[in-house]
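Each chain is listed here by its residues.
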Amino acid sequence: MSENIEQLMQVAKAHLPPGAEIILIDKPNAHAAVYTTNLTGSSMPEIVVMYRLNGELHLIVLQNFNGKWERVATVKGPGYGVTLLTAAPVVQTGQNNLLVGWQIGSIWSKLSVYTLTKDGLRDIAPDNMYYSYIEVEDMLGPTGTNAVADIALWIHDTGEAYRVMVLHWHNGTFEPAPNLYPYYFPRVVRYYERLTEQHPDYPFYWYYLADAQYRAGMPQSALISVRKALSFNQPYPSREVLLELERHIKHMLEEQKDMPRRSVGLFPASLKTTEGTKWGYIDAKGEMVIQPRFDDARDFQENGLAIVSEKGKYGVIDALARYVVQPIYNSINSFKDRRAIVIDRDGFKMIDEKGNVLTKHAYSFIEDMSEHRAVFYVSNNSNSKYGYLDDKGNEIIPAQFEEAGDFHDGKAVVKIKDKEYALINPNGRQLVTYNYAFVGPLGDGLLAFQQDSAGKYGYIDEHCKIVIQPTFTLAFPFHDGRAIVNTAEGYKSNFGVINKKGKFVIQPIYNDIRDLGDERFALGNAVDPEQPFIGSIYAIADWNGKRLSDFIYTNVENFDDGLASATDAKQTYFIDRSGKPASGYPRVDGSGTLTLERKNLIKAFIDRRLSYIDREGRGIWQQNTVIPLTPPYAVKEEKFKPNPNYLVYYPQIEGMPDVTAQQNVNTKLKEMSQVKPIPSDKKLNYTYDGDFDVTFYKENLLVLQLDGYNYPIGAAHGMPTKMHVMINLTNGHMYALKDLFKPDSDYVKELSRIIGTQIKEDPQYSYVFPGSYTGIKPDQPFYVTEDALHIYFAPYEIAPYAAGFPTFTIPFASIMYMIDTDGEFWKSFH
């Protein structure tokens, strides 16, 4: 017991009448019913004590006046025990109410919601507010959270079935909150999905599953469930009730069917929750139209469809959040020519907008569709070649090329063999052949070429006539009569721009040049000339090389309708074709990009956080920075950006009863998140990004995932890191793997054996390097969820970099003989 809790208990006992005993609350762990909270908004919190005297229950509130604790309120309660003692702002923001569950039966409690007034405690809950299980949290509504707690009551019916009510305080009373159903009822759906899997012949579980799916806004699934419930000889609760529910479900389906497609007006928006970062879609006013339930959500495309992911798999939804392609794929590319390339465990495939698989089999690779042709690749030991698919998934041009490019203006460049390239038409007919070591893609009728593989680059026309002699060390395709080239021989760069006569319109003196479109270039000078790979600082130039701005931009995006997003490391804003900040548009602090979605809606992706603002810079939507847990607990997001190349978002815990423990936890979390001294005035030769998510939360256990990515500038790729932290919110203890197991168990040997068997027998782990796995370490990285232990390894440790963090799931049920069920770690979430 901490020193703070000991002092608290001493104050509480000093104000008990003779013969009184402090009540014990059994769950989540047995603890004394003594609680500190701020009920009045004063600087000193109150102490709430619940005790039993002569078989009756009492509650008192103590306030500190000039260093002395005095009783300011007392209540005699019903029942014989207490199941809940917490505080949350139920009536209004910034003002806590006291929530007490008076136990009146083995699975029944009476809820009281007290407001502390000058006359004592006033219970605003109705007399019939009973429950079997309760959750109190600030739930996500259509416009996000509102800093006021909502209440979910689970009321026992039969077996393990509960009727669930979601309530909020409105107009002086507790009312149902249907606007919160899409947020809360998906977890009710998951509860009943498990029960129907375990007991498929119990009709009452099917009824409650259908009802939960309906309230969660899942009418297609609800219709299946309610019809299953109707199929029983003795349907529950009655055939009439089920038929009425079916009518409501069909009405919801009809309403959705009649709603207009709103793809143009829906935009991805993210929220941090206790189940990680979830994505939904807002409208132009910032109202959440599609609730945040996805792990990833991309922009709606012109065809009215958007790619989303759930549970690690990708699918495609329409503007009503209905799946037109079920989430079964490892990845899905954007639609091009009404076709999308998908990847599953078999390989690459092509689908149409209804999700129909068009290819006859999976391929090693398929490129996105371009002019109704998609490059594909087949690989085997004797013959690895490229060909082209048409938009029906047929091999319109068989695999026969060593290299193949996209079609543009009805032509594509392919490599036949060493020193032989060809220009082909969409049917595969060779129009021209080129006997050179390299021939690049077609642009403005010219193609970059090399006479031999170590030689310089020049340009030929379509008919193989040399138009510009090979004098460049690098040459890009022509665009609107201009091409970017490099003349440097060493590791440094000398980029310039030539016209179709080979004359320089921009001299080759720059570390980098980018074609921004709209007849504008970004000219880059090296930040550090001795280390040019670190990056460039850019100026804007016109098509003839005239410089329009100073070298002030650290990044510039392509122009679109006369505007380009630019950042100077301190702020991000739009520039116009003059190269200067565009008038009438906002400046946003931080580095990133702005996208004009609509006339008065700007998508701002700044410092790796998405938000939406209007033309005046006023916020329309932003991701929440506080993740509400069970009151009074919360996780707050803090930002650390000491250098343009170093950015960390790290978690800080709020509401822990032991202030010292909370300070220690938060200090450790900052250290683990790589918050450390970084020079602010020096260009780093690497970038570092850090972030976090809540991956699991139950009772007293909070599991945080801390992610990092260190990228040495110029490297092929960076190195990701991942760390899970398991925190007991009552005492601040951070648990290690050994804390889960009995002291005398050989958990290292047994877990090593289980994982070894999974690697050997489960095909999903075929990527593991042969012979690389030799077992786990005593402090092997891990995390826990509701029903399982998860063990993982770092990239390259036992598998290729592309495999990420190989993770192995071990259900608790299979290792219960080793788990210390009396230990603090296990009890923290059981």
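Anyway, here's the lowdown on the structure attached to this text. (Residues numbered from 1 in each chain as written. Predicted model: local features only at pLDDT ≥ 70, side-chain atom pairs only at ≥ 80, totals over all residues. Heavy atoms only, no water.)

Notes on the overall build of the protein
Line of reasoning, step 1. Secondary structure summary: the protein contains eight helices and 62 strands in total.
Line of reasoning, step 2. With the principal axes as the frame, the protein shows a C-alpha extent of 105 × 70 × 60 Å.
Line of reasoning, step 3. The burial tally for the protein puts 50% of its 830 residues in the buried class.
Line of reasoning, step 4. A sequence separation of at least 24 residues applies to 41% of the contacts in the protein between residues at least 6 apart.
Line of reasoning, step 5. In the form shown here, the protein has an accessible surface area of approximately 39,300 Å², with 49% of it arising from carbon and sulfur atoms. (Helix = DSSP H or I, 4+ residues; strand = E, 2+ residues; numbered from the N terminus. Buried < 20%, exposed > 50% of the residue type's maximum accessible area, 1.4 Å probe, protein only. Contact = heavy atoms within 4.5 Å. Areas by Shrake-Rupley, 256 points an atom, 1.4 Å probe, with all protein chains shown as cover.)

Quick word on the sheet that holds strand E24 (residues 331-332)
Line of reasoning, step 1. One open sheet holds the three strands; their spatial order is E24-E25-E26, and the pairing between them is antiparallel. The open sheet has two edge strands with one neighbour each: E24 and strand E26 (347-351).
Line of reasoning, step 2. Judged from the five bridges that link them, strand E25 (residues 340-344) and E26 form a sheet pairing that is antiparallel. Along E26, the bridge assignment pairs Ile343 with Phe348. (Pairing = 2+ DSSP bridges.)

Structural notes on the packing of helix H2 (residues 181-198) against helix H3 (residues 203-215)
Line of reasoning, step 1. For the pair H2 and H3, the least separation of the axes is 8 Å and the interaxial angle reads 155 degrees. Classified by the interaxial angle, the pair formed by H2 and H3 is roughly antiparallel. The element H2 and its partner H3 pack so that their crossing is left-handed. Where H2 approaches H3, its residues Tyr181, Pro182, Phe185, Val188, Val189, Tyr192, Glu193, Leu195 and Thr196 are matched on the opposing element by Tyr205, Trp206, Tyr208, Leu209, Ala212, Gln213 and Arg215. (Axes fitted to C-alpha atoms, helices over the stretch in contact; angles between N-to-C directions. Parallel < 35°, antiparallel > 145°, perpendicular 65-115°, else oblique. Left-handed = near helix turned anticlockwise from the far one by under 90°.)

Topic: the packing of H3 against helix H4 (residues 219-230)
Line of reasoning, step 1. Axis separation between H3 and H4 bottoms out at 8 Å; the angle between their running directions is 160 degrees. Here H4 runs roughly antiparallel to H3, going by the angle between their axes. Here the hand of the crossing between H3 and H4 comes out left-handed. Note on element contacts: H4 touches H3 through Ser221, Ala222, Ser225, Val226, Lys228 and Ala229, opposite Trp206, Tyr207, Leu209, Ala210, Gln213 and Tyr214.
Line of reasoning, step 2. In terms of residue class, the contact of H3 with H4 is built from eight nonpolar, three polar and one charged. (Nonpolar A, V, L, I, M, F, W, Y, C, P; charged D, E, K, R; others polar.)

Thoughts on the side chain of Thr196
Line of reasoning, step 1. Tracing the backbone shows Thr196 in helix H2.
Line of reasoning, step 2. Here Glu193 takes part through its backbone oxygen, which lies 2.9 Å from a polar atom of the side chain of Thr196.
Line of reasoning, step 3. Excluding its chain neighbours within four sequence positions, the residues that come into contact with Thr196 are Tyr205, Trp206 and Leu209. (Polar contact = N/O pair within 3.5 Å; in protein donor to acceptor, adjacent residues only side chain to side chain.)

Topic: the pattern of salt bridges
Line of reasoning, step 1. Under the definition given, this model contains 43 salt bridges.
Line of reasoning, step 2. Put simply, Lys272 and Asp691 hold a salt bridge, and the shortest N to O gap is 3.3 Å. You can see Lys272 sitting in strand E17 (residues 267-273) and its partner Asp691 sitting in strand E57 (residues 686-698), a full 419 residues away along the chain. Residues Lys272 and Asp691 agree in their burial class; the two are buried.
Line of reasoning, step 3. The partner of Asp691 in a salt bridge is Arg608, with the nearest N and O atoms 3.6 Å apart. A residue pair is termed long-range when its members are at least 10 positions apart, and Asp691 in strand E57 and Arg608 in the loop between strand E51 (601-606) and strand E52 (609-613) qualify at 83 residues.
Line of reasoning, step 4. Classification of Asp691 by relative accessible area gives buried; the value is 18%.
Line of reasoning, step 5. Each member of the salt-bridge network shares a partner with another, and the members are Lys272, Arg608, Arg609, Glu637, Asp689 and Asp691. (Salt bridge = Lys/Arg side-chain N within 4 Å of Asp/Glu carboxyl O.)

What about the nonpolar core?
For soluble globular proteins, the rule of thumb is that nonpolar side chains tend to be buried together.
Line of reasoning, step 1. Ranked by size, the top nonpolar core spans 59 residues in total, and within it Val166, Tyr184, Tyr192 and Tyr281 carry the most contacts.
Line of reasoning, step 2. Considering every element that reaches this core, the biggest residue donor is H2, with nine residues.
Line of reasoning, step 3. Grouped together as the second largest cluster of nonpolar side chains are 36 residues, Tyr765, Phe782, Phe808 and Trp826 included. (Core = buried A, V, L, I, M, F, W, Y, C linked by side-chain atoms within 4.5 Å.)

Describing a nonpolar patch on the surface
Line of reasoning, step 1. On the surface, a cluster of nonpolar side chains totalling about 330 Å² of accessible area is made up of Ile104, Ile107, Trp108 and Tyr130.
Line of reasoning, step 2. Positionally, Ile107 belongs in the loop between strand E9 (95-105) and strand E10 (108-117).
Line of reasoning, step 3. When its relative accessible area of 38% is taken as the criterion, Ile107 is described as partly exposed. (Patch = residues over 30% accessible without salt bridge, like charges linked within 9 Å, V, L, I, M, F, W, Y side chains within 5 Å.)

Observations concerning a negative patch on the surface
Line of reasoning, step 1. Together, Asp337, Glu371, Asp406 and Asp409 give the surface a local cluster of negative charge.
Line of reasoning, step 2. On the accessibility criterion, Glu371 (34% relative accessible area) is partly exposed. (Lys, Arg positive; Asp, Glu negative; His and termini not counted. Charge placed at Lys NZ, Arg CZ, Asp CG, Glu CD.)

Here we look at the packing of aromatic side chains
Line of reasoning, step 1. A full pass over the atoms with the stated rule returns 48 aromatic pairs.
Line of reasoning, step 2. An angle of 85 degrees between the planes, with centres 5.1 Å apart, marks the rings of Phe812 and Trp826 as edge-to-face. Here Trp826 lies in helix H8 (residues 824-828) and Phe812 lies in the loop between strand E62 (807-811) and H8, a separation of 14 residues in the sequence. For the pair Phe812 and Trp826, one class covers both residues: buried.
Line of reasoning, step 3. Sitting above the plane of the Phe692 ring, Lys272 keeps its charged end 3.6 Å from the centroid.
Line of reasoning, step 4. One Lys or Arg, Arg615, reaches over the ring of Tyr585 and ends 4.0 Å from the middle of that ring. (Phe/Tyr/Trp six-rings, centres within 6.5 Å; stacked < 30°, edge-to-face > 60°. Lys NZ or Arg CZ within 6 Å of the ring centre and 35° of its normal.)

What about the sheet that holds E52?
Line of reasoning, step 1. Reading across the sheet, the four strands line up as E50-E51-E52-E53 and stay open at both edges, with antiparallel pairing between neighbours. The strands lining the two open edges of the sheet, one partner per strand, are strand E50 (592-598) and strand E53 (619-622). Mean inter-strand twist for the sheet, computed between neighbouring axes without regard to direction, equals 20 degrees.
Line of reasoning, step 2. For E50 and E51, the ladder comprises six bridges, and the chain directions are antiparallel. Bridge pairing in E51 places Gly592 opposite Ile606.

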